[in-house]
Amino acid sequence: MEVLLIFGAIALLLVGLGIYIWKKEATYLLANFPRDPQQIRDRKGLARWAGLFLIILAGVLLLEGVLLWQLKDSRYELVPVVVMIPAVSLLTVLFLIGGQRYIEYKN
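Just so it is clear, the structure is predicted and the values come from calculations on it, not from any experiment. (Residues numbered from 1 in each chain as written. Predicted model: local features only at pLDDT ≥ 70, side-chain atom pairs only at ≥ 80, totals over all residues. Heavy atoms only, no water.)

Asks: I'm lost on the nonpolar core in this one. Help?
Replies: What tends to happen in soluble globular proteins is that the nonpolar side chains get buried as a cluster. Of all hydrophobic cores here, the largest spans 21 residues; its most connected members are Leu14, Ile21, Leu30, Phe33 and Leu46. When residues of this core are traced back to their parent elements, those giving at least two are helix H1 (2-24), helix H2 (43-70) and helix H3 (79-99). Among the elements that make up this core, the one with the highest residue count is H2 (nine residues). (Core = buried A, V, L, I, M, F, W, Y, C linked by side-chain atoms within 4.5 Å. Buried < 20%, exposed > 50% of the residue type's maximum accessible area, 1.4 Å probe, protein only. Helix = DSSP H or I, 4+ residues; strand = E, 2+ residues; numbered from the N terminus.)

What follows is the structure, encoded as C-alpha cells:
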C-alpha cells in the first residue's frame, strides 16, 4: 500500500504542475525550451503540450503504482518496473521532439 501512496503523491504533484503550466502558460518552467518569449512561436501551444505530457506521465506513474501494489510478492513483481523505464524514456523523447514545433529558429 505504501508504494501506491508514494506513486499517487508523485502523480498528484505532476498533475498539479501540468495544470499550472497549461493554464498559466508557464513555459519558463520548462528546462529544455528557450526562456526568451521571442524564441517561442506558440507559447500557448507549448504550455498545452507540456501540461498534457505531465498529466499523461502522472497517469503512467499511477498505473505503475497500482501494478506494483497488485503484483507484490508474485513472480511478475519486477515486470512493471522493467516496462516503465523504457515507456517513460520514450514519452520524454516524444515530448521533446513534439515540442520543437513551438520553437522559432533563426537562421
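Asks: What exactly am I supposed to notice about the side chain of Glu64 here?
Replies: Considering the arrangement of structural elements, one finds Glu64 in helix H2. Polar contacts involving the side chain of Glu64 include one to the main-chain amide nitrogen of Val81, which spans 3.5 Å. When sequence neighbours within four positions are dropped, the list of residues in contact with Glu64 reads Phe7, Pro80, Val81 and Met84. (Polar contact = N/O pair within 3.5 Å; in protein donor to acceptor, adjacent residues only side chain to side chain. Contact = heavy atoms within 4.5 Å.)

Asks: What exactly am I supposed to notice about H1 here?
Replies: For an α-helix, 3.6 residues make a turn, and residues three or four places apart therefore share a direction. Its 23 residues place the ends of H1 33 Å apart at the C-alpha level, agreeing with the 33 Å of an ideal helix rising 1.5 Å per residue. For H1, the secondary structure elements touched by its buried residues are H2 and H3. One or two residues past the end of H1 sits Glu25, with phi positive at roughly 50°. (Expected span 1.5 Å × (residues − 1).)

Asks: Would you take a moment to explain the environment of Ala9 for this structure?
Replies: Residue position: Ala9 is located in helix H1. Overall, the relative accessible area of 46% leaves Ala9 in the partly exposed class. In the structure, Ala9 is positioned 31 residues away from Ile40 in sequence and 32 Å away in space, judged by C-alpha atoms.

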